[in-house]
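# Residue-level structure breakdown
Residues per chain are reported as follows:
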Amino acid sequence: MNYGFVIDNRKCIGCHACTVACKSEHEIPLGVNRTHVKYVEKGVFPQTRRTFTVTRCNHCEDAPCVEICPTSALFTRRDGIVDFDSERCIACRSCMQACPYDALYIDPETRTAAKCNYCAHRVERGYEPACVIVCPVQAIVSGDLEDADSPIARLVAREEVSVRKPAKGARPNVYYVEGDRAALDPSAAAPSDSYFASEQSGGVGHFARWVQERAAEAGEDLVSPFDPAPERGGVTLAGSISISQRAVDDVGRELAGQGRRVYDAPGKGILWGWQVAAYIWTKAVASGVVAVGVLWHLLGGAPPAATGFAALATALAFLGLTGLLLIADLDRPERFLYVLLRPNWRSWLVRGAYLISGLGLALTLWLVALWQGWEWLIRFARLAALPLAVGSAAYTAFLFAQARGRDYWQSALSPLRMLVQALLAGSAALLILLGGQPLEMGRVLLALVAANLLILLQEVFTAHPTEDAARAGRLVWRGPDSTLWWSGIGLGSLLPALLLLAGSSPVLLGLAAVLALGGVFLTEFVWVRAPQRIPLS
Ligand code: SF4
């Protein structure tokens, strides 16, 4: 059994009855929806056309939300419905990053994730979902796609159907008859400056900002957003936004050909903000101090302080901060233990939580052993801590890769970058702890800063596998946060490299270490934010 939907765009009249019936059936609060009707207009008056596209959870056969959910709050039923249990949800928002279709939202009343569940309670009693029943033109067809005699299976077999974003590999079970690329592909149609019958998701100036972003990506000569500058050929839209005339002309042509979104789901903004970037940074310091200290000891020549009380206590303190930041970022922080107690082992969030907990335990044992002078336990904790530190450093790359909605985070270089950044952060922290000594540590830091810089530039400037990844890459170095990224490159990579090359005084080495640590935070901050600016629906 495999339940799915067919949305017949030949019939849909865009009346929103499905949206309203769904809200009523599930008592959905104001401001959020489980199903939506997107309007796209094409052409130039009088040759214009408006198309409607119903969007919702696709009940994917290989559901990215189910894979990433750390507590199995999202799960696939035997009948193919992807359902959720809000009692298990910790509201980490990872499902919202993983879903390529923007199907999930945080319920403002329960503060947990929610989405279309195919009206499972109705289906179990032999009824059809509320949206199917209410549709006045039978544009929504539900049923078992594996039953060849069912109306939905016959419709899929008979008509030419399309799905949203097939390249994501999620195997969605919502099929569109006469699906229009301008509506199914979130980036294909421009948002309108003022929406049909309303102003929403950005309101006035939304369109102008989109034009600016597109023009900036294309390398257009832009007029400042805050400077109307008519003498430079700029025009002012919506009062405070100005753009170049050429950009307006280009976009006008684009609108005529590809269409404009005049009504769609409000954007959800940046779901993972500074706390997530800060957690990556504190984790890099903690795991890096341990990994560099142990490796240095194993290779010989490490001063006792490299794996001494202060170094281990620093690593443990940063690990504690990592945990606090992770918990603070949850919308249901009181449920954080569910990650350990109700684990979904496929989720890298769970695997990472166990790696961090294991590292915390090893460090605690090591500190106790140092205090008591138990040499055998020191040796055991040291050996156990190294793989746990490497795993803690790198796992976040695999977690972000499970966020399949964000193409830019799928980079194969990410695990290497996270590992190099952890070793860099560990070397820098140890240099500071050891008072800018020894000189060899400065050379190690220089090599790691150079390696990190190469990886960062490679990740941003080489060819990207998808258009969304390429757009996110451009947003990293030319988008709203690009000043921070360039600061991370200039002040956090190039300047420390010059300082490390210039001299060997402890003060210079210490300063270089501090700057390098700042650089890691800034570049990670932008790496986390930029891909979230790409629309998913
Ligand atoms: Fe639904 Fe999105 Fe999960 Fe697919 S990934 S099952 S569309 S919520």
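Rules used throughout
- Residues numbered from 1 in each chain as written.
- Predicted model: local features only at pLDDT ≥ 70, side-chain atom pairs only at ≥ 80, totals over all residues.
- Heavy atoms only, no water.
- Phe/Tyr/Trp six-rings, centres within 6.5 Å; stacked < 30°, edge-to-face > 60°.
- Helix = DSSP H or I, 4+ residues; strand = E, 2+ residues; numbered from the N terminus.
- Buried < 20%, exposed > 50% of the residue type's maximum accessible area, 1.4 Å probe, protein only.
- Lys NZ or Arg CZ within 6 Å of the ring centre and 35° of its normal.
- Axes fitted to C-alpha atoms, helices over the stretch in contact; angles between N-to-C directions.
- Parallel < 35°, antiparallel > 145°, perpendicular 65-115°, else oblique.
- Left-handed = near helix turned anticlockwise from the far one by under 90°.
- Contact = heavy atoms within 4.5 Å.
- Near = heavy atom within 4 Å.
- Nonpolar A, V, L, I, M, F, W, Y, C, P; charged D, E, K, R; others polar.
- Pairing = 2+ DSSP bridges.
- Salt bridge = Lys/Arg side-chain N within 4 Å of Asp/Glu carboxyl O.
- Arc of directions from axis to C-beta.
- pLDDT = per-residue confidence, 0-100.
- Expected span 1.5 Å × (residues − 1).

## Notes on the packing of aromatic side chains
What the rule picks out here adds up to 17 aromatic pairs. Their ring planes at 15° and their centres at 5.7 Å tell us that W272 and W409 sit as a pair that is stacked. Separated by 137 residues along the polypeptide, W272 in the loop between β14 (260-263) and α10 (274-299) and W409 in the loop between α14 (375-402) and α15 (414-433) bring together distant segments of the chain. Assigned by exposure class, W272 and W409 land together as buried. On the numbers, 4.9 Å between centres and 80° between planes, the contact of W485 with W486 is edge-to-face. The class of W486 is partly exposed, set by a relative accessible area of 40%. The rings of W272, F400, W409 and W527 are connected pair by pair, giving a single aromatic cluster. Lying over the aromatic face of F5, R56 brings its terminal NZ or CZ to 4.5 Å of the ring centre. A cation over a ring is seen here: R342 above Y338, with NZ or CZ 4.2 Å from the ring centre.

## Some details on the packing of helix α18 (residues 482-502) against helix α19 (residues 506-529)
Where α18 contacts α19, the two axes come as close as 8 Å, and the packing angle between them is 155°. Taken together, the axis directions place α18 and α19 in an arrangement best described as roughly antiparallel. Our pair here, α18 against α19, has a crossing hand that is left-handed. Contact with α18, carried on its side by L484, W485, S487, G488, I489, L491, G492, L495, P496, L499 and L500, involves L508, L509, L511, A512, L515, A516, G519, L522, T523, F525 and V526 of α19 and no other residues of that element.

## Here we look at the site of the ligand
Lining the immediate surroundings of the ligand are 13 residues, of which C57, N58, C60, C65 and C99 lie closest. The class makeup of the residues in the shell around the ligand is 10 nonpolar, 2 polar and 1 charged.

## Description of the sheet that holds strand β2 (residues 36-44)
Working definition: the strands of a sheet are paired by backbone hydrogen bonds and lie parallel or antiparallel to each other. Spatial ordering of the open sheet is given by β3-β2-β14-β11, a layout of 4 strands whose pairing is mixed. A strand with exactly one partner marks an edge of an open sheet, and here the two such strands are β3 (47-55) and β11 (190-191).

## Thoughts on the pattern of salt bridges
Tallied over the full model, the rule gives 24 salt bridges. Across the salt bridge formed by R261 and D264, the nearest N and O atoms sit 2.9 Å from each other. Like D264, R261 is buried. When the shortest N-O distance is used, the salt bridge between R417 and E459 registers 2.9 Å.

## Description of the sheet that holds strand β1 (residues 3-8)
A sheet is described by the order of its strands in space; here 4 strands give the open sequence β8-β1-β10-β9, paired in mixed fashion. Looking at the sheet topology across the chains shown, the edges are occupied by β8 (140-144) and β9 (161-162). Note that β1 and β8 share 5 bridges and pair antiparallel. Residue pairing for β8: G4 is matched across the bridge by G143.

## Comments concerning helix α6 (residues 151-158)
Considered for burial, the residues of α6 that qualify are I152, A153 and L155. Buried positions in α6, seen along its axis, are confined to an arc of 160° and lie on one side of it. In α6, the exposed positions angled more than 90 degrees off the buried face are occupied by P151, A157 and R158. Contacts from the buried residues of α6 go to β1 and β8.

## Description of the confidence of the model for the protein
Should the pLDDT be low somewhere, the predicted coordinates at that spot are not to be read in detail. In this model, the protein carries an average pLDDT of 90, and 88% of its residues clear a pLDDT of 70 or more. This model gives residues 201-206 a pLDDT under 50, and the stretch forms 18 contacts once residues within four places in sequence are excluded. Overall, residues 220-243 carries pLDDT values under 50, and its contacts beyond four positions in sequence, including any with other chains, amount to 55 contacts.

## What to know about the pairing of β14
Sheet topology note: the β2/β14 ladder contains 3 bridges and is antiparallel. Residue pairing across strands places V40 opposite R261, the latter belonging to β14. Sheet topology note: the β11/β14 ladder contains 2 bridges and is parallel. Following the sheet pairing, A190 is matched in β14 by R260.

## Quick notes on unusual backbone geometry
Phi at S72 is positive, roughly 60°, even though this residue is not glycine. One can find S72 in the loop between α2 (64-68) and β4 (74-76). Judged by its relative accessible area of 27%, S72 is partly exposed. Positive phi, normally seen in glycine, also occurs at K165, with a value near 45°. Within the secondary structure, K165 is located in the loop between β9 and β10 (174-177).

## Things to note about the side chain of S287
Tracing the sequence through the fold places S287 in helix α10. Here S287 is in contact with L359, A389, S392, A393 and A422, once residues within four sequence places are set aside.

## Examining α18
For α18, built from 21 residues, the straight-helix expectation of 30 Å at 1.5 Å per residue is met to within 8% by its first-to-last C-alpha distance of 28 Å. Along α18, the residues that are buried comprise S482, W485, G488, I489, G492, S493, P496, A497, L499 and L500. Elements in contact with the buried residues of α18: α16 (439-461), α17 (467-478) and α19.

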